[in-house]
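Analysis of the macromolecular model
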Amino acid sequence: MTVLVTGSTGFLGRRVVQRLLDTNHEVRAMVRRPGNESIFSTQPAEICYGNVSDPDALTEACRGVTDVIHLVAVIRGGPRQFDAINRQGTANVVAAARESGSVRRFVHLSAAGAANVPRLKYLHSKWAGEQEVVNGGVSYVIIRPSLIFGPDDEFTNAIAALVRSFPITPVIGSGNNRLQPIHVEDVARCVASSLSGNIRGNRTVDIGGPDQLSYNDILRIVARTQGRRRLLVNVPHWKLRLPIAMMELLTPRPPINSAMLQLITLRNVAEPDSVEREFGFQPRPLAGNIDHIKAMTWGQALRSNLGLG
């Protein structure tokens, strides 16, 4: 019994691989190019190479596996890339899983708030990817996490860079929209547990951390963790559209892009007890679990704010 994991070297993927190995699964990790597998602290049983735009590589990757965990997605880029990876890439993986004849379970990572709303380009592409899974002819579980945090995440580190650099921290919009951050290790545990049969039938499950927090709350938690006091100043959403669009054109990795700007102003929550009810454990809160931001230097914060990584 072998589990294929796409996106295996990513922020979440490498934690999912480790969780599977810790629970005695045979893992085939799909890696985009040779050498990237060096990121694994424990090597999976098998490594295969390819990407979700390569049907031949996916056919080979799915050969003989019993389960597929599909984690590949992009939030950077534009509508064309969202469609190519989040929808068509998912369709390609589903087709390879179905045609293998051996896959019994397909676990797909989507996003809380995924919806058939074309103006929300990223969330619409995630919804379209879900439809490929639902109509793909393979037994499935779709997991929709709220914002994922942990070492190396984009969200808390981007906020920490703002807090570290400036005595006044801009707040996008009112800052009252609710989010439900969930730790990356807890998401990995939910994903791996989806193979155990605890979730029966074809299901879509929203998950989040134990607390529904406003964006203002999150800023204060980040500032408190860094040992800083910051004045929060609200900036209307529309005033940031042009500067962020310019940063996307001029910098290699802006701390926030247009898709993220939309997401940060949307309500993005699950039921407060979603993880405990579906997976049988209590996820960890944001407060007290973001010590990784304490080590951020002023230089690192500046590079992040300038979109230099």
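Parameters at a glance
Residues numbered from 1 in each chain as written. Predicted model: local features only at pLDDT ≥ 70, side-chain atom pairs only at ≥ 80, totals over all residues. Heavy atoms only, no water. Core = buried A, V, L, I, M, F, W, Y, C linked by side-chain atoms within 4.5 Å. Buried < 20%, exposed > 50% of the residue type's maximum accessible area, 1.4 Å probe, protein only. Helix = DSSP H or I, 4+ residues; strand = E, 2+ residues; numbered from the N terminus. Contact = heavy atoms within 4.5 Å. Right-handed = clockwise from strand over helix to strand, strands pointing away. Pairing = 2+ DSSP bridges. Axes fitted to C-alpha atoms, helices over the stretch in contact; angles between N-to-C directions. Parallel < 35°, antiparallel > 145°, perpendicular 65-115°, else oblique. Left-handed = near helix turned anticlockwise from the far one by under 90°. Polar contact = N/O pair within 3.5 Å; in protein donor to acceptor, adjacent residues only side chain to side chain.

Describing the nonpolar core
- Membership of the largest hydrophobic core comes to 32 residues, with the highest contact counts inside it found for L20, I69, I207 and F279.
- Mapped by element, the contributors of at least two residues to this core are strand 1 (2-6), helix 1 (13-22), strand 2 (26-31), strand 5 (105-109), strand 6 (140-145), helix 6 (184-193), strand 11 (203-207) and helix 10 (274-279).
- With six residues, the top contributor of residues to this core is helix 6.
- Look past the residues within four positions of F279 in its chain and what remains in contact with it is I143, C190, S193, S194, I199, V205 and I207.
- Counting 29 residues, the second largest nonpolar core, distinct from the first, contains C62, F82, A259 and L263.

Describing the environment of L4
- Residue position: L4 is located in strand 1.
- In this structure, the C-alpha to C-alpha distance between L4 and Q88, residues 84 residues apart in sequence, is 18 Å.
- Ignoring anything within four residues of it in the chain, the contact list for L4 reads R28, M30, C48, A61, C62, V65, D67, V68 and I69.

Some details on the pairing of strand 1
- Among the five residues in strand 1, five count as buried, and that is most of the element.
- Side-chain alternation along strand 1 places T2, L4 and T6 on one buried face and V3 and V5 on a second face that is also buried.
- The parallel pair strand 1 and strand 2, bridged by helix 1, forms a crossover whose chirality is right-handed.
- Two strands pair when backbone bridges link them, and strand 1 and strand 4 (residues 67-70) are joined in this way by four bridges, in the parallel orientation. When the bridges of strand 4 are listed, V5 appears paired with I69.

Re the packing of helix 3 (residues 79-100) against helix 4 (residues 121-134)
- Put simply, helix 3 and helix 4 touch, their axes get as near as 8 Å, and they point 15 degrees apart. The orientation of helix 3 relative to helix 4 falls into the category roughly parallel. Considering how the two elements wind past one another, helix 3 and helix 4 form a crossing that is right-handed. Facing helix 3, whose interface residues are P79, F82, D83, N86, R87, T90, A91 and V94, helix 4 presents K121, Y122, S125, K126, A128, G129, E132 and V133.

Side note on the side chain of N268
- Note on placement: N268 falls in the loop between helix 9 (258-264) and helix 10.
- Judged by relative accessible area, N268 falls into the buried class, the value being 10%.
- Within the local environment of N268, its side chain forms a polar contact with the backbone oxygen of A112, the two atoms lying 3.3 Å apart.
- Setting aside anything within four residues of it in sequence, one finds N268 in contact with A112, S146, L147, R178, L179 and Q180.

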